Amino acid sequence: MTENNGLIEVAQAKLSPHRVGDRLFGNVAAALETTSGAIHAGVCIDTGSGTGFCAEHAAIASMVTSGEYAIARIVAVWRDAQGRLTVLAPCGRCREFIRQIDPSNIETTVLLSHGKTAPLRDLLPEWEWPEPEPAVFSR
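Below you will find a few notes about this structure.

Thresholds applied
Residues numbered from 1 in each chain as written. Predicted model: local features only at pLDDT ≥ 70, side-chain atom pairs only at ≥ 80, totals over all residues. Heavy atoms only, no water. Salt bridge = Lys/Arg side-chain N within 4 Å of Asp/Glu carboxyl O. Helix = DSSP H or I, 4+ residues; strand = E, 2+ residues; numbered from the N terminus. Buried < 20%, exposed > 50% of the residue type's maximum accessible area, 1.4 Å probe, protein only. Axes fitted to C-alpha atoms, helices over the stretch in contact; angles between N-to-C directions. Parallel < 35°, antiparallel > 145°, perpendicular 65-115°, else oblique. Left-handed = near helix turned anticlockwise from the far one by under 90°. Contact = heavy atoms within 4.5 Å. Pairing = 2+ DSSP bridges.

So, on to the pattern of salt bridges. Opposite charge on two side chains makes pairing possible when the charged atoms of those side chains draw close. A full pass over the atoms with the stated rule returns 6 salt bridges. With its nearest N and O atoms 3.3 Å apart, the salt bridge here joins Asp46 to Arg23. Taken together, the residues Asp46 in the loop between β3 (39-45) and α2 (55-65) and Arg23 in strand β2 (residues 23-34) connect sequence positions 23 residues apart. Classification of Asp46 by relative accessible area gives partly exposed; the value is 33%. Among the residues examined, Arg23 registers a relative accessible area of 26% and is labelled partly exposed. With a closest N to O distance of 2.5 Å, Glu107 and Arg121 form a salt bridge. Taken as a pair, Glu107 in the loop between α3 (92-101) and β6 (109-111) and Arg121 in helix α4 (residues 120-123) lie far apart in primary sequence, 14 residues in all. Residue class for Arg121 comes out partly exposed when judged on its relative accessible area of 33%. Each member of the salt-bridge network shares a partner with another, and the members are Asp22, Arg23 and Asp46.

Structure, rendered in structure tokens:
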């Protein structure tokens, strides 16, 4: 648990909300640890054109820039208006993004709220390419 708290603290330290018009940047932060022990972090960027990205994407981009691809643990956090910290599960897009970066990432430990964790495989059902349908459906 202490290791996970440390990763949460890294993410929390990166929170830096910044408003540009009606868009908010940096209000969600993520941190990940690679299988080699390196730590990478990033924040979300919300854009009006749909070209923005989640904090997990930014942390993963930092990791890939450093030449690594396998993620041991990952967490995302958000702080509400009352200052309360919330650990966020990755959205579906982020779950699939994590999986596609390296095949081993299906075993990545995802930090969830209230001290819970789960392997990515449990949060991304039916992730394997299916087998073909039986011959009865063939042409």
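Where α2 meets α3, the axes come as close as 10 Å, and the angle between the chain directions of the two elements is 15°. Compared by their axis directions, α2 and α3 come out roughly parallel. The way α2 lies across α3 gives a crossing that is left-handed. Taken together, the residues of α3 that come into contact with α2 (itself represented by Glu56, His57, Ile60, Met63 and Val64) are Arg93, Cys94, Phe97, Ile98 and Ile101.

Our focus in this paragraph is the pairing of strand β4 (residues 71-79). Relative to β4, β2 is paired through 7 bridges, and the arrangement is antiparallel. Bridge pairing in β4 places Val28 opposite Trp78. One ladder, built from 2 bridges, connects β4 with β6; its direction is parallel. In the strand pairing of β6, Arg73 is matched with Thr109. The sheet contact formed by β4 and strand β5 (residues 85-88) spans 4 bridges and is antiparallel. What sits directly across from Ala76, in β5, is Leu88. Where β4 hands over to β5, the hairpin turn is made up of 5 residues, of which Gly83 adopts a positive phi near 85°.

Honestly, that's just the spatial picture; any functional story needs more than this.
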